[in-house]
Amino acid sequence: MPLKARIIIAVLSFLLFSFVLNLIRKRRMGIEYSILWLSVSSVILITSIWQNIGDRIAHFIGIDYPPALFFLIAIFFLILILLHFSLEMTKLKGQNKTLVQEMSLLKQFMRKTTTE
Amino acid sequence: MGGKETKKRCLVIIPAYNEEMRIGDVIAAARAVDRVDEVVVIDDCSSDHTAEIARKAGATVVSLVVNLGYGAALHTGYKYSYDHGYDVTVQIDGDGQHDPRYIQSLIEALESKRCDVVVGSRFLGSMRKYDAPLFRRVGMRFFSFLIYLFTKNEITDPTSGYQALNRNVIELFARGNLYPSDYPDADVIILLNNMGFKIMEIPVVMYENKTGQSMHSGLKPLYYVVKMLLSIFTVLFGKHRTFLRRTHPCL
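Residues numbered from 1 in each chain as written. Chains lettered and ligands numbered in written order. Predicted model: local features only at pLDDT ≥ 70, side-chain atom pairs only at ≥ 80, totals over all residues.

(A) Structural context of the nonpolar core. Ranked by size, the top nonpolar core spans 66 residues in total, and within it B:Val12 and B:Val41 carry the most contacts. Once residues within four sequence positions are removed from consideration, B:Val12 is found in contact with B:Ala30, B:Val36, B:Val39, B:Val90, B:Ile92 and B:Ile103. Residues A:Val40, A:Ala58, A:Leu69 and A:Phe70 belong to the second largest nonpolar core, which totals five residues. (Core = buried A, V, L, I, M, F, W, Y, C linked by C-beta atoms within 7 Å. Buried ≥ 20, exposed ≤ 12 C-beta atoms within 10 Å, placed from the backbone. Contact = placed C-beta atoms within 7 Å.)

Laid out in structure tokens, this is it:
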């Protein structure tokens, strides 16, 4: 793979990695959400720095055009991250529903007791 | 429950969203039914005067602070019923489609036939023909067929929101998270049947929705059918059995 492309990919993935680390340090991102982001950036970082490992993996799994390996890695992790969001959204929606229901019932109860 | 010969307490749940024109009549008719002890309206965050009119008509009103949808509103009613210890719960739509005179028949059927759920069907018996669009009729037939396939129970009107439920079913839904948020249908019937609850139908009269605004328009029917098939899949192969054994050791 061309050196120039590898350097650019390495710099970008390093920036992403340190950005996410900084976000969890400042507690702006929950650790449970950072893990997948840190994984994808570190895998891409290692693949781009390590001499020829990218070409060898690409060749091993039958990809003729080695830079496409980065797309494969990125898309794979992005799908995982999106899936994770769907799970979290489902959980939040359920919790939100229960909260609204219980709160509305409580409000009704309060109204009843204050008007009696 | 049971054992004692005390009179069973009956609650009527009316989920309502912007029904100020019709809710008053439905409540008055429901309250006039002999066996009904309380009528509770679950106001699904209406933007009109549904809540005030319902209160004036003598109903208890639980106003959801956020619009949650039909199923979640009903679910709230089940929680109310469970918290207040009702033995029988009847659910009826607030849009005037269901004739409240059948509340009594639903309650009586639930008690005399010793079943857990009684569904009011618009297709059973010699009732007036209910005219629905072709796609809708085909869909209903299809889901009735699926229910028969998986439960060997003939339910002609699985979409009917006019039902009576006993305390065991109410407890199951009130305490768990099994009840769907949007439109409960064949999935709920198959779920209950597979858990050993007894379901039967009696004929009721239903009127067409006067405003004509149906929940099924545009691409929604397709979404609805796919969603319902997936929901039936989760009911048939889901993990709720183990969940239930934890929360309901008796089942």
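(B) Expanded view of helix H8 (residues 220-237) of chain B. All names here are of chain B. With 18 residues, H8 extends 25 Å between its outermost C-alpha atoms, agreeing within 8% with the 26 Å of an ideal straight helix rising 1.5 Å per residue. Within the sequence span of H8, burial applies to Met228, Ser231, Ile232 and Val235. Projected down its long axis, H8 carries its buried residues within an arc of 100°, all on one side. Counted as exposed and oriented over 90 degrees from the buried face of H8: Leu222, Tyr223, Val226, Leu230, Phe233 and Phe237. Next to the buried residues of H8 lie helix H5 (134-151) and helix H7 (186-194). (Helix = DSSP H or I, 4+ residues; strand = E, 2+ residues; numbered from the N terminus. Expected span 1.5 Å × (residues − 1). Arc of directions from axis to C-beta.)

(C) Broad picture of the sheet that holds strand S2 (residues 38-43) of chain B. All names here are of chain B. Strands sit in the order S3-S2-S1-S4-S6-S5-S7 across an open sheet of seven strands; the sheet is mixed. Among the strands making up the open sheet, the edge pair consists of strand S3 (60-63) and strand S7 (199-203). Strand-to-strand twist of the sheet, defined as the mean angle between neighbouring strand axes without regard to direction, takes the value 20°. Across four bridges, S2 lies against S3 in parallel orientation. Among the inter-strand pairings, Val41 is bridged to a residue of S3, identified as Val61. Of the strands in this sheet, strand S4 (88-91), strand S5 (117-121) and strand S6 (163-166) are in contact with helix H6 (residues 167-175), which crosses S6 at around 90°. (Pairing = 2+ DSSP bridges. Axes fitted to C-alpha atoms, helices over the stretch in contact; angles between N-to-C directions.)

(D) Here's a closer look at the confidence of the model for chain B. For chain B, the mean per-residue pLDDT works out to 86, and 86% of the residues sit at or above 70. Of the two predicted TM-score estimates for the complex, the pTM is 0.85 and the ipTM is 0.83. (pLDDT = per-residue confidence, 0-100.)

(E) How the structure looks around the pairing of strand S1 (residues 10-16) of chain B. Residues and elements named next belong to chain B. Counting buried positions along S1 yields seven of seven residues, so the element is predominantly enclosed. The alternating pattern of S1 places Cys10, Val12, Ile14 and Ala16 and Leu11, Ile13 and Pro15 on opposite faces, both of which are buried. Across four bridges, the pairing between S1 and S4 is parallel. Among the inter-strand pairings, Val12 is bridged to a residue of S4, identified as Val90. The pairing of S1 with S2 spans six bridges and is classified as parallel. Bridged to Val12 within S2 is Val39. Taking the sense of rotation as the criterion, the β-α-β connection linking S1, helix H1 (residues 23-31) and S2 turns out right-handed. (Right-handed = clockwise from strand over helix to strand, strands pointing away.)

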